[in-house]
Amino acid sequence: MTIPLLELTADGLANSARRIMARCNELARISSLRGGVERVYLSPEHARANRLAAEWMRDVGLTTHQDAAGNQVGRISGRDPEAPALMLGSHLDTVPDAGRFDGILGVLMAIEVVRLLRSRIPTFPFCLEVVAFSDEEGTRFGKALLGSAAVAGSWDPAWWELTDAYGITVRQAFLEFGLDPSRVGEAARRPDELVGYLEAHIEQGPQLDRAGQPLAVVSSIASARRFQITIRGEARHAGGTPYDMRHDALLGASEIAIAVERLCLAEHHLIGTVGQLNAYPGAVNVVPGEARLSLDLRGELEGTRDRVWAALTRELDQIAGRRGLRWEAREVHTASAMVCEPLLMDVMRAGIEGSGQTDPISLFSPAGHDGMAIGRIADIGMLFLRNPDGISHHPDEYVSTEDIAVGLRAFAEAIVHLARE
Ligand code: GLV
Ligand code: MN
Ligand code: MN
Ligand code: MN
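Residues numbered from 1 in each chain as written. Chains lettered and ligands numbered in written order. Predicted model: local features only at pLDDT ≥ 70, side-chain atom pairs only at ≥ 80, totals over all residues.

1. Quick look at the UniProt feature "domain: Peptidase M20 dimerisation" (unreviewed entry) in the protein
No. 1: Mapped onto the present numbering, the UniProt feature "domain: Peptidase M20 dimerisation" (unreviewed entry) falls at residues 225-320.
No. 2: Across residues 225-320 one finds 38% helix and 31% strand; the C-alpha atoms that close the span lie 22 Å apart. (UniProt positions renumbered as here; feature names shortened; annotations may be inferred. Helix = DSSP H or I, 4+ residues; strand = E, 2+ residues; numbered from the N terminus.)

2. A few points about the nonpolar core
No. 1: The biggest cluster of nonpolar side chains holds 123 residues, and the ones touching the most others in it are L86, V113, L408, F411 and I415.
No. 2: Broken down by element, this core gets its largest block of residues, 12 residues, from helix α11 (residues 401-420).
No. 3: Apart from the residues lying within four places of it in its own chain, the contact partners of I415 are L86, V113 and L117. (Core = buried A, V, L, I, M, F, W, Y, C linked by C-beta atoms within 7 Å. Buried ≥ 20, exposed ≤ 12 C-beta atoms within 10 Å, placed from the backbone. Contact = placed C-beta atoms within 7 Å.)

3. Here's the deal with the pairing of strand β5 (residues 194-202)
No. 1: The buried fraction of β5 is high, at nine of nine residues.
No. 2: Note that strand β3 (residues 85-91) and β5 share four bridges and pair parallel. From the neighbouring strand, M87 faces β5, where its bridge partner is Y197.
No. 3: Pairing of β5 with strand β16 (residues 380-385) involves six bridges; the strand directions are parallel. Bridge pairing links E199 to M382 in β16. (Pairing = 2+ DSSP bridges.)

4. With respect to the UniProt feature "binding site: allantoate" (unreviewed entry) in the protein
No. 1: UniProt records the feature "binding site: allantoate" (unreviewed entry) for R226, N285 and R298 in the present numbering. Across 73 residues in sequence, these annotated residues place their C-alpha atoms as far as 36.6 Å from one another, rather than forming a single compact spot.
No. 2: Structurally, N285 is set in the loop between β10 (277-280) and β11 (286-287).
No. 3: With near-sequence residues (within four places) excluded, N285 lies in contact with A238 and G239.

5. As for the confidence of the model for the protein
No. 1: Confidence in the prediction of the protein, expressed as mean pLDDT, is 96, and 99% of residues score 70 or more.
No. 2: Reported confidences for the modelled complex are a pTM of 0.92 and an ipTM of 0.92. (pLDDT = per-residue confidence, 0-100.)

6. Topic: the environment of G185
No. 1: Position of G185 among the secondary structure elements: in the loop between α5 (170-177) and β5.
No. 2: It is 17 Å that separates the C-alpha atoms of G185 and A173, two residues lying 12 residues apart in sequence.

7. Describing the domain arrangement of the protein
Accessible area lost during the coming together of the parts is what is often quoted as the interface size.
No. 1: Domain annotation for the protein reports domain 1 (10-221 + 338-420) and domain 2 (223-335).
No. 2: On a C-alpha basis, the centres of domain 1 and domain 2 stand 33 Å from each other.
No. 3: Facing 10 residues of domain 1, the contacting portion of domain 2 comprises 10 residues.
No. 4: A breakdown of the residues in the side of domain 1 that touches domain 2 according to their chemical character gives five nonpolar, four polar and one charged. (Domains from an automatic or database assignment. Nonpolar A, V, L, I, M, F, W, Y, C, P; charged D, E, K, R; others polar.)

8. Description of unusual backbone geometry
No. 1: That bond from Y280 to P281 is cis: its omega, 5°, falls within 30 degrees of zero.
No. 2: Along the chain, P281 turns up in the loop between β10 and β11.
No. 3: At D389, a residue that is not glycine, the phi angle is positive and equals roughly 75°.
No. 4: Its place among the elements puts D389 in the loop between β16 and α11.
No. 5: Positive phi values are uncommon outside glycine, yet H393 reaches one of about 55°.
No. 6: Here H393 falls in the partly exposed class, since 16 other C-beta atoms lie within 10 Å of it.

9. Some thoughts on the site of ligand 1
No. 1: All residues in the neighbourhood of ligand 1 are listed as E137, A144, A367 and G368.
No. 2: Along the lines of polarity and charge, the residues of the shell around ligand 1 split into two nonpolar, one polar and one charged. (Near = placed C-beta within 6 Å.)

10. Concerning helix α1 (residues 10-28)
No. 1: An ideal rise of 1.5 Å per residue puts 27 Å on 19 residues; α1 measures up with 27 Å between its terminal C-alpha atoms.
No. 2: If you check which residues of α1 are buried, you get L13, S16, A17, I20, R23 and L27. Down the axis of α1, the smallest arc covering the buried residues is 125°, so these residues share one side. The exposed set on the far side of α1, more than 90 degrees from its buried face, consists of A10, D11, A22 and N25.
No. 3: Among the structural elements, α2 (44-59), α3 (104-117) and α11 are those in contact with the buried residues of α1. (Expected span 1.5 Å × (residues − 1). Arc of directions from axis to C-beta.)

11. Some thoughts on the packing of helix α7 (residues 249-265) against helix α8 (residues 302-323)
Packed helices, taken two at a time, are described by their axes: the angle between them and the distance between them.
No. 1: Where α7 contacts α8, the axes come no closer than 10 Å and their chain directions differ by 150°. As summarised for this structure, α7 and α8 are arranged roughly antiparallel, according to the angle between their axes. The crossing of α7 and α8 is right-handed. Residue-level inspection shows L251, G252, E255, I256, A259, V260, L263 and C264 of α7 in contact with α8, the latter providing V308, A311, L312, E315, L316, I319, A320 and R323.
No. 2: Looking at the contact of α7 with α8, its residues break down into 12 nonpolar, one polar and three charged. (Axes fitted to C-alpha atoms, helices over the stretch in contact; angles between N-to-C directions. Parallel < 35°, antiparallel > 145°, perpendicular 65-115°, else oblique. Left-handed = near helix turned anticlockwise from the far one by under 90°.)

12. Details of α2
No. 1: End to end, α2 covers 23 Å across 16 residues, agreeing with the expected 22 Å (1.5 Å per residue, within 8%).
No. 2: All of the buried residues along α2 are E45, H46, A49, N50, A53, W56 and M57. The arc that holds every buried residue of α2, seen down its axis, measures 135°, which confines them to one face. Exposed residues pointing more than 90 degrees away from the buried face of α2 are listed as P44, E55 and D59.
No. 3: Residues of α2 that are buried sit in contact with α1, β1 (63-66), β2 (72-76), α3 and β4 (127-133).
No. 4: Phi turns positive one or two residues past the end of α2, at G61, with a value near 100°.

13. Overview of the packing of helix α9 (residues 342-354) against α11
No. 1: At a minimum axis distance of 7 Å, the contact between α9 and α11 shows a crossing angle of 130°. One element, α9, and the other, α11, form an angle in the oblique class. The element α9 and its partner α11 pack so that their crossing is right-handed. Residue-level inspection shows V347, M348, A350, G351, I352 and G354 of α9 in contact with α11, the latter providing R409, A410, F411, E413, A414, H417 and L418.
No. 2: Its residues assigned to classes, the contact of α9 with α11 comprises eight nonpolar, three polar and two charged.

The following block contains the structure:
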């Protein structure tokens, strides 16, 4: 059976893009943060977002279920209902005080693309699945990609004891959400069940905007490591303690935050961030006796990332020695770099060209994505959509309805190209 070429009208695409934009706004209202967007793993908001996404999935003909790790899944058969599936997706969880599009856009584009392709899917040599991953950001438990790791069958039993800011463990949160921890393995998919994984995502930097192009093919996703570092000194009276008697943990932490920037700037495609820094006991009139900081390190090459972490531990030793402090670090997240599969990059490129954009650029993604986990069981490919100003993980994150329409066409064309391979 030959697969018909796509005939998508500009009006139809514009309607779809407007629907996606309206749904991004609707999902943004499912939030634990008054006046902003925040939706974390295994929260009541996660459950509500899944229910809404499931309704939208069913509306385009997908059969839905929530998997054993809280991911919302929809499936539609191709020519052979037993054939492996092309998985499409992204995530519905957010960072604190997030934008409306990171992850969400990719889930909604996947659903919409099923609507656009629906009449052709029965001719496809694969089934289509849409997955709304439950935890990409790691906002609640510090460890990112919990939802997609479960799907990749790489759930680590040590994660059950991770805690959130209130001391609730992942295990307790599963139970409160209505999931059975002993069944998390049922979320795992086998490589032979999948033909690949495709994800559309807003770019989280300015490269497309600078290039004046709406869409890019992603070449690879950065490797990452995240640490919680604790520095201990001595809490003392802020007035009575002369400088030569102080062991100020916050000053030690500040020095290391500056060192992160200096060491990363000296490298190519490596970036580090201290996004959390707390001083204890946290009083205006007490020299900080303890400081806790997070470190997020991402690099195209794992070797560079690891070399910089090793250099930072030496700096920590020096700073601690000089200031009379002690330090320890706990690694809370590690992810390998993930390279996009050349054939899936080609179909994405063909899709972009089919949308009318010539000579699309390829971008390396310093931001993390579910494909980092899914890449362990399936080939992955990604499409980036322009983000004017490059702002993400912030309420001002934005993508235009026009670019969503172009992106949808490219995404749909890419899937048809793959089906015709
Ligand atoms: C999440 O978006 C991440 O890249 O850390
Ligand atoms: Mn994000
Ligand atoms: Mn994301
Ligand atoms: Mn990310």
